[in-house]
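A look at the structure
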Amino acid sequence: MAFRIIASQCTQCGACEFECPSGAIGFKGEAYVIDPEKCTECKGSFETQQCAEVCPVPKTCVAAAAAI
């Protein structure tokens, strides 16, 4: 399962884009998005999801199922 960014909470700071080890985060249109095909949830690289760790707004980078 991939992570996603809740656009309405995102401040567009870009911190997550540079921390993503799989290059899954990018700016599309007017918001940052996570490509679910590339997102590995940082498994094999980090203990925690780096997008969620660096995001200044809590619960903005969340597991896709949690965002529904």
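Our subject in this report is the structure included herewith. (Residues numbered from 1 in each chain as written. Predicted model: local features only at pLDDT ≥ 70, side-chain atom pairs only at ≥ 80, totals over all residues. Heavy atoms only, no water.)

With that settled, consider the nonpolar core. Counting 12 residues, the largest nonpolar core consists of Ala2, Phe3, Ile5, Cys16, Cys20, Ala24, Ile25, Tyr32, Ile34, Cys39, Cys51 and Cys61. Of all the elements in the fold, those that place two or more residues in this core are strand E1 (3-5) and strand E3 (31-34). If sequence neighbours within four positions are ignored, Cys39 has contacts with Ala2, Phe3, Ser22, Ala24 and Ile34. (Core = buried A, V, L, I, M, F, W, Y, C linked by side-chain atoms within 4.5 Å. Buried < 20%, exposed > 50% of the residue type's maximum accessible area, 1.4 Å probe, protein only. Helix = DSSP H or I, 4+ residues; strand = E, 2+ residues; numbered from the N terminus. Contact = heavy atoms within 4.5 Å.)

Another point: the packing of aromatic side chains. The tally for this structure, following the rule as stated, stands at 1 aromatic pair. Ring geometry for Phe27 and Tyr32: centres 4.9 Å apart, planes at 70°, overall edge-to-face. (Phe/Tyr/Trp six-rings, centres within 6.5 Å; stacked < 30°, edge-to-face > 60°.)

Here the focus is unusual backbone geometry. Of note in this structure, Gln12 is not a glycine but carries a positive phi near 60°. The topology assignment puts Gln12 in the loop between E1 and helix H1 (15-19). Unlike most non-glycine residues, Glu41 shows phi in positive territory, near 60°. With respect to the secondary-structure elements, Glu41 resides in the loop between E3 and helix H2 (50-54).

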